[in-house]
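Each chain, letter by letter, is given below.
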Amino acid sequence: MNTAVEICGINFKNPVMNASGTFGSGMEYCGLVDLNRLGAVVTKGVAKVPWEGNPTPRVAETASGMLNAIGLQNPGIDVFIERDLEFLKNYDTNVIVNVCGHSVGEYVEVVQRLAECDNVSMLEINVSCPNVHEGGIAFGTDPGALEEITKAVKKAAKQPVIMKLSPNVTSIAEMAKAAEAAGADALSLINTITGMKIDIYKRRFLLANRTGGLSGPAIRPVAVRMVYEAAHAVKIPVIGMGGIASAEDAIEFMMAGASAVAVGMMNFHNPGIMTEIIDGIERFMQEQGIDDLAEITGIL
Amino acid sequence: MISEKAVVENKEHLAEGIYGAWLKTSAAREAHPGQFVMLNTKSEAHLLGRPISICDIDRDKERLRLVWRVAGYGTDEFSRLEEGDRIELLGPLGNGFDIDSLSGAENIAVMGGGIGAPPLLGLVRQLHGTGLKNIDVYLGYRSASAGLFLADEFKELAAVHIATDDGTAGTHGTVLDALDSSGKAPDIIYACGPMPMLKGVKQYAEENLIPAYISLEERMACGVGACLGCVVKTRFKDAHSRVENARICTEGPVFAAKDVDI
Ligand SMILES: Cc1cc2nc3c(=O)[nH]c(=O)nc-3n(C[C@H](O)[C@H](O)[C@H](O)COP(=O)(O)OP(=O)(O)OC[C@H]3O[C@@H](n4cnc5c(N)ncnc54)[C@H](O)[C@@H]3O)c2cc1C
Ligand SMILES: Cc1cc2nc3c(=O)[nH]c(=O)nc-3n(C[C@H](O)[C@H](O)[C@H](O)COP(=O)(O)O)c2cc1C
Ligand code: FES
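## Concerning the sheet that holds strand β16 (residues 211-215) of chain A
Within a sheet, each strand pairs with its neighbour through backbone hydrogen bonds, oriented either parallel or antiparallel. All names here are of chain A. If you trace the 4 strands from one edge of the open sheet to the other, you get β5-β6-β16-β13, paired in antiparallel fashion. Strands with a single pairing partner mark the edges of an open sheet, and in this sheet they are β5 (59-62) and β13 (193-196). On average, each strand axis in the sheet is tilted by 40 degrees relative to the strand beside it, whichever way the strands run. Looking at chain direction, β5 and strand β6 (residues 65-68) are connected through 4 bridges and run antiparallel. Its bridge partner being in β6, Glu61 is matched across the sheet by Met66.

And the structure:
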């Protein structure tokens, strides 16, 4: 039995990783979780310079999920390389660096800096950032803008590039095809779904930013559907995420077409959840007589 | 820091809407006053941990005392816990009260407003244990009729000054009014309570040129510094974030009042 998967020629000891922004750079959880057990550690979005993020409150609980409007606070690429990437050298796992920016140029600069870093296995490009040159519309909600940024990043990147798709679009298949056509090596989805919550007694928005991204089990059926549609629209591998809370959920995403999966909000509820999911996948494979996860990936 | 199922050892109903419990957990081994834990509800609809401060620590028996006010779904569920029940706990989290900065302080003021009082009990017990005697505790409550929870326990360790919103016990007003009417001039303050009170403490400390340590609250998702949900504006670039933002769950919840913009 083999839990390993291969994505863009990179070997993952198992298909389970964290979703960006829910696990810091692993440092915050390394006392609770053995990072060596994970298929990969995916770091919090990093930009060219430090970002302040949004005012608080930045998070709100919702039914079986949460809203967040962190605003991509991050310490900037210099500190990230010196501190976070250096820290991750102590672990035997793949490192996927999530990148954000306000313009194509900013993304490219970060990607160029990362080209020099030898413990970065893959790049994940978060296109749910506001494009300041295009009126703040996210790169990931317009196929043309998505193609443009994918091409620019691919040209500068040394590592394989995962384009992380936003679910806030009419056709996820169209976005998946646009990214593939522009040269993306893989896709990951879904990012959070834009939502809002109002405190009716205080007559106020729960989040200072008014809107935030919904994540957690509440979005899982939407995510499974989108992973299915994206995976069937392209030939490049897909990393699935959105509300994964158990091994069964992870396998559901794989059957829908994901080659690997990421766990986000549920790390907050149970820091041991990723290792429990890895164990659960092994048990499922044993029970079902599955030798290799490729046997079930995209079977539907 | 550990994540485990703690066992409820005894439950207390301390006042109207105020409950307490001792939880058996190995998190007690490394816990300090001012730190907190995150408690999970049993509901699959309410998935974020609820941050609750550590009120008291019993290292020998490996238990933590928590005291909470029913404020919504989770704290209501906790109020119905029974002895022997298990509850998912993550902790201890954050930094406790800095008592090293006490050296030389002669008059210590400890100020708790409402549900801000519990974390100060462990602090006062620790200060008392180190032989410090000039500790004045100022506790603010809604009303005598709702119950002056924990006041008697503070009285065993320090001089207690009460304030109530309706004047039914002690000074009519806030803990700052109680400080005023005590005629004391503290040279250090430790405080926990609602934001308007903490703003008042910060202002008092700045006007009187004394240090104040305040325990802050913010909505939290992870409790361990990973999500960046719980930040407070700081007066300097934070060493971790490299912006003027510190994580309340990790760099706090206790901050030097002069360092934060509240
Ligand atoms: C560091 C820290 C220590 C705390 N210590 C105590 C304590 O010792 N005793 C006590 O009674 N309360 C304490 N609180 C406040 C306590 O966390 C909230 O009252 C509690 O989370 C409310 O949860 P609920 O499910 O009852 O309410 P709901 O309204 O159902 O909660 C919904 C969501 O909002 C969050 N939330 C609601 N109110 C607050 C708040 N005031 N602060 C942070 N998050 C909130 C909840 O955690 C949950 O995620 C503390 C808060 C912090 C940040
Ligand atoms: C607090 C928080 C912060 C996040 N930060 C990022 C980020 O920096 N970059 C990114 O691409 N996605 C970010 N995400 C989105 C997650 O990586 C993931 O796509 C989404 O939460 C869905 O997965 P989940 O339901 O398992 O949480 C964040 C999500 C949360 C909850
Ligand atoms: S609650 Fe996540 S960083 Fe503080």
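## Considering the interface of chain A and chain B
Facing the 34 residues of chain A at the interface are 33 residues of chain B. When the buried surface of chain A facing chain B is broken down by residue, Glu28(A), Glu61(A) and His269(A) rank first, second and third, together holding 22% of it. Where chain A packs against chain B, one counts 3 salt bridges. For Lys233(B), the salt bridge goes to Glu52(A), with nearest N and O atoms at 2.5 Å. Inspection of the region where chain A meets chain B yields 13 residue pairs in polar contact (both at pLDDT 80 or more). Residue composition of the side of chain A that touches chain B, by class: 18 nonpolar, 10 polar and 6 charged.

## Remarks on the sheet that holds strand β7 (residues 86-93) of chain B
Residues and elements named next belong to chain B. Strand order in the open sheet formed by 7 strands is β4-β3-β7-β1-β2-β6-β5, and the pairing between neighbours is antiparallel. The outermost strands of the open sheet, each flanked by one partner alone, are β4 (50-53) and β5 (56-58). The average undirected angle you get between the axes of adjacent strands in this sheet is 35 degrees. Across the sheet, helix α2 (residues 118-129) is in contact with β4, β5 and β6 (63-69); its angle to β5 comes to roughly 55 degrees.

## Considering the pairing of β5(A)
Each regular strand carries side chains that alternate between the two faces of the sheet. Neither face of β5(A) is left uncovered, since the one carrying Val59(A) and Glu61(A) and the one carrying Ala60(A) and Thr62(A) both have all their residues buried. If you look at the hairpin formed by β5(A) and β6(A), you'll find 2 residues sitting between the two strands, and Ser64(A) has a positive phi there, around 50 degrees.

## Thoughts on the packing of helix α3 (residues 143-156) of chain A against helix α4 (residues 172-181) of chain A
All names here are of chain A. Contact geometry for α3 and α4: axes closest at 8 Å, N-to-C directions at 30 degrees. Between α3 and α4, the angle falls in the class roughly parallel. Here the hand of the crossing between α3 and α4 comes out right-handed. Within the contact between the two elements, α3 uses Pro143, Leu146, Glu147 and Thr150 and α4 uses Glu174, Met175, Ala178 and Ala179. A per-class count over the contact of α3 with α4 returns 5 nonpolar, 1 polar and 2 charged.

## Some details on the site of ligand 2
All names here are of chain A. Lining the immediate environment of ligand 2, one finds 22 residues, of which Ser20, Lys164, Gly216, Gly243 and Met265 sit closest. Contact distances for ligand 2 include 3.3 Å between an oxygen atom and a backbone N or O atom of Gly45. Between Lys164 and ligand 2, the recorded distance is 2.7 Å, taken from a side-chain N or O atom to an oxygen atom. Across the shell around ligand 2, the residue classes break down as 6 nonpolar, 14 polar and 2 charged.

## A short note on the domain arrangement of chain B
Residues and elements named next belong to chain B. Looking at the assigned domains, one finds that chain B contains domain 1 (2-93), domain 2 (100-217) and domain 3 (218-262). Here domain 1 and domain 3 have C-alpha centroids that lie 23 Å from each other. In total, domain 1 and domain 3 occlude about 590 Å² of area from one another, counting both sides; carbon and sulfur atoms represent 74% of this. Inspection of the region where domain 1 meets domain 3 yields 0 salt bridges. Taken together, the links from domain 1 to domain 3 amount to 0 residue pairs in polar contact (both at pLDDT 80 or more). The set of elements that each furnish at least two residues to the side of domain 1 that touches domain 3 consists of β3 (36-39) and β7. Residues belonging to the side of domain 1 that touches domain 3 are distributed by class as follows: 6 nonpolar, 1 polar and no charged.

## Here we look at the environment of Ala233(A)
Residue and element names in this part refer to chain A. Inspection of the secondary structure puts Ala233 in helix α5 (residues 220-233). Note on Ala233: relative accessible area 19%, which makes it buried. Sequence-wise, Ala233 and Ala4 are 229 residues apart; in three dimensions their C-alpha atoms are separated by 24 Å. Ignoring sequence-local partners within four residues, the contact set of Ala233 consists of Ala173, Lys177 and Glu180.

How each quantity is defined
- Residues numbered from 1 in each chain as written.
- Chains lettered and ligands numbered in written order.
- Predicted model: local features only at pLDDT ≥ 70, side-chain atom pairs only at ≥ 80, totals over all residues.
- Heavy atoms only, no water.
- Pairing = 2+ DSSP bridges.
- Helix = DSSP H or I, 4+ residues; strand = E, 2+ residues; numbered from the N terminus.
- Axes fitted to C-alpha atoms, helices over the stretch in contact; angles between N-to-C directions.
- Contact = heavy atoms within 4.5 Å.
- Buried area = accessible area lost by both parts, 1.4 Å probe.
- Salt bridge = Lys/Arg side-chain N within 4 Å of Asp/Glu carboxyl O.
- Polar contact = N/O pair within 3.5 Å; in protein donor to acceptor, adjacent residues only side chain to side chain.
- Nonpolar A, V, L, I, M, F, W, Y, C, P; charged D, E, K, R; others polar.
- Buried < 20%, exposed > 50% of the residue type's maximum accessible area, 1.4 Å probe, protein only.
- Parallel < 35°, antiparallel > 145°, perpendicular 65-115°, else oblique.
- Left-handed = near helix turned anticlockwise from the far one by under 90°.
- Near = heavy atom within 4 Å.
- Domains from an automatic or database assignment.

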